[in-house]
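# Topology and contacts: notes
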Amino acid sequence: MKYGDKIIRVEGVIVEVHDGAIGIDLKGRLGYLEVPLRMVISDYPFEVGQTVAWNMSFIEQEGPEVDEKYVSRLNIYTQKRRDIAAKKKDKEED
Amino acid sequence: MSITAETAKQHANDPAVLCCRAEEGTVLAPSNFEDPAIFPDLIDSGLLNTDGALKLGQVLNGSKLTKTVDSLTPITPDIIDKYDELEGEEEAPAEEAAPAEEAPVAAPAATLAPVVGGTIKLHIGEGKNIDIELPAGLGGGAVAAPAAAPVAAAGAAEAAAPAEQEEKVVRTLSRRHLRIDKVERGPETKIENHVLYIEDGIEDKAVESEKLVQSLKIDVITPDKYHTYSETIMDIQPIATKEGEAELGEGVTRVLDGVLMVVSGTDANGVQIGEFGSSEGYIDENMMWGRPGAADKGETLIKTEVVIDAGKNMERPGPIAAHKATDVITDAIRKALKKVDESEFEADLEEFKQVRRPGKKKVVVIKEIMGQGAMHDNFLFPVEPVGTLGAKPNVDMGNVPIAASPLEVLDGCIHALTCIGPASKEMSRHYWREPLVLEALHDPELDLCGVIFVGSPQANSEKFYVSRRLGQMVELLDVDGAFVTTEGFGNNHVDFVTHIENIGKRGIPVVGFSFCAAQGALVVGNKYCNAMIDNNKSMSGIENEVLECNTLCPEDAVRGVAMLKAEMAGEEVKAPERKYNVNVKTNNLELIEKATGKKIETVENEQSLPMSEKRREKYD
């Protein structure tokens, strides 16, 4: 990475709380992050609206190559979701 | 940041560098100096150059500045009026330290066991508003020590003990193996002539058993079908049952060889259960075959694909339902296994003896298991090996430390819901073949008194709560040494190091095991984290999405045992390099091999798996 050592403080707001994960909106609508609980260090029970902060750097593209393994995995996944959606629609129409 | 007299003493052999501007005529005191722990980073970034600097221990004897200098100036002879000469050989830099007088009889002269986080001086505990800043890449060293020195020392101690006390077998556990050649479907679940038949339509029973489960599909994956797409693998479980009235951890356990249960699933929208610990993909590319917690090549996998209600994949009842529904099928097989005639089993029983060795070094294995909620949970102490019936989730029990016998661990007392990440989580099968428990149990120089499971809760306050209970429990065990292991990485490292602190501050030598390397570096540390084993196996030290790749293996157990023995014998464990370096581990293994004369087999990593060329370029 070319800029990997440029660490910046990022703040966010908890917008979703699950038993095993929380969803965070980056302040300023700069993105959304969902992380498992164990990746969060906390002192209190989680609640929607609490603010969080962490350090990160910008995300850098590693190169122009495409990893076919991930593409095939993704295709299987999206196809499956499409099938499920289609099935649901059929059911509703019935 | 200035340092205290105590820190200055610890760092007597490190360069003396001023923390703040100091006027001419200042008599140097510890408060004038910067903490040497942060020097490597300053040197790396070009802010500091300690070449030619005097040592801290040389300038704290009333030395006076002859010049006004700025902060971060190394003390050199030209800016002070006087300094002490270096004392003796043992004051040499740490890399060369050879505590020869401590172990004069030992053949390999020095104990060469580098440590994770040896330079971190953070104390968590009861502080408030602590801002912690640590260099990235901290804490990544693997460690061990030659066994010869401690052995010699221990031997001497035993000779002095009143009399050689006899070994005592507390209890035994036997496994009766039944080979399964084929898995087929049939009108009822039964085992005949080494063929396992699973009842047609048993899926419906499994679905009915759990409200949240919408559907369940069974795939029998034989070795020729390993290149099959699978949803995320949530768990890998041995199929076993107790014989007669025997309870978990003793008596006879019947177990099927060559076949395993595998739990996988998604929610109704197709989202993976335990989305984050996701290892979906082709099984042959995504599993590190042969790890204690994984399948071995050649085994047939009975894989359930459970679909639970939409949106429940991240809620606690979701993963639990998937596991319980799968257990309906496993339980049917267990019942069939109970009925098989004894003559069909292999003639030889595999026997595990829980041996206490009075007079030897008493040790305890502490396994930190996840307890943050949802899939970060484990069912403890089921009635049947790796079952769910009768078991209690450690989250419901407040994650407090719970004692188990080593044989209970090997008999499947943990049904792991397993969380993230795939490469470092411990599957149910891992406990069935737990390398550290086996190594400590079979070591004739150790008296393993038991295993303690302690959950890792979410909130820091709860983490410190369970940690203090653990410290107290270890204190009353009166052990000579302790192992602490954890799985995965993340906030569980907070309690992991607090456990080590709570044990270490009671004067008990402790060795920690965790995946750290590059990605899972410890976020905190304390002075007791001086003896650590890194479970990393991946080439680049990352979570490589390959199931079980970075879990505790026999080679790690061997290193940990050697290190704890060295610590208990009063040997010094050497500090690691600042960045993760796999050579540390290789060197230590070589030292152990040399000292014990035994060859240690090391396991392969993800490089041995089929994988696309591009992925290889990207990651390794």
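Residues numbered from 1 in each chain as written. Chains lettered and ligands numbered in written order. Predicted model: local features only at pLDDT ≥ 70, side-chain atom pairs only at ≥ 80, totals over all residues.

We now examine the overall build of chain A. The helix and strand inventory of chain A stands at one helix and four strands. Reading chain A from its N end, one meets helices and strands in the order β-β-β-β-α. Taken along the three principal axes of its C-alpha coordinates, chain A extends 50 × 40 × 25 Å. When burial is assessed residue by residue, chain A has 11% of its 94 residues classed as buried. Partitioning the contacts of chain A with sequence separation of at least 6, the portion at a separation of at least 24 is 51%. (Helix = DSSP H or I, 4+ residues; strand = E, 2+ residues; numbered from the N terminus. Buried ≥ 20, exposed ≤ 12 C-beta atoms within 10 Å, placed from the backbone. Contact = placed C-beta atoms within 7 Å.)

Moving on to the overall build of chain B. A tally of helices and strands in chain B yields 14 helices and 20 strands. Counting only residues that meet the buried cut, chain B has 54% of its 620 residues in that class.

Attention shifts here to the sheet that holds strand β16 (residues 414–416) of chain B. Overall, antiparallel pairing links the three strands, which are arranged β14-β13-β16 (chain B) in an open sheet. Looking at strand neighbours, the two that pair on one side only are β14 (392–393) and β16 of chain B, the edges of this open sheet. (Pairing = 2+ DSSP bridges.)

All names here are of chain B. A residue-level look at chain B finds 85% of positions with pLDDT of 70 or above and a mean pLDDT of 84. Per-residue pLDDT stays below 50 along residues 89–122; that stretch engages in 96 contacts with residues further than four places along the chain or on separate chains. Within the model, pLDDT remains below 50 along residues 137–161, and this stretch shows 103 contacts once partners closer than five positions in the same chain are excluded. Scoring the predicted complex yields pTM 0.79 and, for the interface, ipTM 0.74. (pLDDT = per-residue confidence, 0-100.)

All names here are of chain B. Here helix α6 (residues 317–339) is 23 residues long and its end C-alpha atoms lie 33 Å apart, about the 33 Å a rise of 1.5 Å per residue gives. Largest kink in α6: about 25°, centred on V328. Across the 23 residues that make up α6, a large majority, 18, are buried. (Expected span 1.5 Å × (residues − 1). Bend = angle between axes of the 7 residues up to and from the residue.)

Residue and element names in this part refer to chain B. Looking at the assigned domains, one finds that chain B contains domain 1 (1–92), domain 2 (148–163 + 356–585 + 593–619) and domain 3 (172–344). Each of domain 2 and domain 3 was reduced to a C-alpha centroid, and the two centroids are 26 Å apart. Facing 45 residues of domain 2, the contacting portion of domain 3 comprises 38 residues. Counting residues per element, the ones that place at least two in the side of domain 2 that touches domain 3 are α7 (406–410) and α8 (428–432). Top element by residues in the side of domain 2 that touches domain 3 is α8. It accounts for four residues. When the residues that make up the side of domain 2 that touches domain 3 are grouped by side-chain class, the tally is 24 nonpolar, ten polar and eleven charged. (Domains from an automatic or database assignment. Nonpolar A, V, L, I, M, F, W, Y, C, P; charged D, E, K, R; others polar.)

A few words on the nonpolar core. Residues and elements named next belong to chain B. The biggest cluster of nonpolar side chains holds 134 residues, and the ones touching the most others in it are A482 and F483. Residue contributions to this core peak at nine residues, all from α6. Discounting residues that sit within four places of it in the chain, A482 has contacts with V363, V364, I366, V474, I503, I508 and V510. A8, A22, L28 and Y83 belong to the second-largest nonpolar core, a separate cluster that totals 16 residues. (Core = buried A, V, L, I, M, F, W, Y, C linked by C-beta atoms within 7 Å.)

Partitioning chain A into domains gives domain 1 (1–56) and domain 2 (66–94). The centre of domain 1 of chain A, based on its C-alpha atoms, is set 29 Å off from the matching centre of domain 2 of chain A.

A word on the sheet that holds strand β1 (residues 8–17) of chain A. Residue and element names in this part refer to chain A. One open sheet accounts for four strands, arranged β3-β2-β1-β4; its pairing is antiparallel. The open sheet has two edge strands, β3 (32–36) and β4 (51–56), and neither has a second partner. Direction aside, the axes of adjacent strands within the sheet are offset by 40° on average. Looking at chain direction, β1 and strand β2 (residues 21–26) are connected through five bridges and run antiparallel. Residue V13 lies in a different strand from β2, and its bridge partner there is D25. (Axes fitted to C-alpha atoms, helices over the stretch in contact; angles between N-to-C directions.)

Moving on to the packing of helix α9 (residues 435–442) of chain B against helix α12 (residues 554–568) of chain B. Think of two packed helices as two axes; the pair is described by the angle between the axes and how far apart they sit. Residues and elements named next belong to chain B. Put simply, α9 and α12 touch, their axes get as near as 8 Å, and they point 45° apart. Relative to α12, the element α9 lies oblique. For the pair α9 and α12, the crossing hand works out as right-handed. Contacts between α9 and α12 pair P435, L436, E439 and A440 from the former with P554, A557, V558, G560 and V561 from the latter. The residue inventory of the contact of α9 with α12, partitioned by class, reads seven nonpolar, one polar and one charged. (Parallel < 35°, antiparallel > 145°, perpendicular 65-115°, else oblique. Left-handed = near helix turned anticlockwise from the far one by under 90°.)

This part covers the pairing of strand β12 (residues 361–370) of chain B. Residues and elements named next belong to chain B. A large share of β12 lies buried, amounting to nine of its ten residues. Note that β12 and strand β17 (residues 446–456) share ten bridges and pair parallel. Within β17, the residue paired with V364 across the bridge is G450. One ladder, built from five bridges, connects β12 with strand β18 (residues 481–485); its direction is parallel. Along β18, the bridge assignment pairs I366 with V484.

Remember that side chains alternate between the two faces of the sheet whenever the strand is regular. Residues and elements named next belong to chain B. Of all ten residues making up strand β7 (residues 233–242), ten are buried, and the element is well covered by its neighbours. Summarising the sheet, β7 and strand β8 (residues 251–267) pair through eight bridges and their orientation is antiparallel. Bridging from a neighbouring strand, Q237 pairs with M261 of β8.

Now for the environment of B:G298. All names here are of chain B. If you trace the backbone, G298 turns up in the loop between α5 (283–286) and β10 (300–308). G298 sits in the exposed class, given 10 other C-beta atoms within 10 Å. Placed 74 residues apart in sequence, G298 and D224 show a C-alpha to C-alpha distance of 8.8 Å.

This next bit is on the environment of B:V307. Residues and elements named next belong to chain B. Looking at the element boundaries, V307 is found in strand β10. Classification of V307 by C-beta neighbours within 10 Å gives buried; the count is 23. Along the primary structure V307 and V207 are separated by 100 residues, whereas in three dimensions their C-alpha atoms are 9.3 Å apart. In contact with V307, other than residues within four places in its own chain, are Q214, S215, G265, T266 and A268.

Residues and elements named next belong to chain B. Viewed as axis vectors pointing N to C, helix α4 (residues 202–209) and α6 meet at an angle of 135°, and their least axial separation amounts to 8 Å. Looking at the two axes, α4 sits oblique to α6. Crossing of α4 against α6: the hand is right-handed. Across the interface between the two elements, I202, K205, A206, V207 and S209 of α4 pack against K324, A325, V328, I329 and A332 of α6. Classifying every residue of the contact of α4 with α6 by side-chain character gives seven nonpolar, one polar and two charged.

All names here are of chain B. Tracing the chain through its elements places L248 in the loop between β7 and β8. Classification of L248 as buried rests on a count of 24 C-beta atoms within 10 Å. As a C-alpha pair, L248 and E384 span 136 residues in sequence and 6.8 Å in three-dimensional space. Residues in contact with L248, not counting those within four places in the same chain, are K242, F381, P385, E408, D411 and C413.

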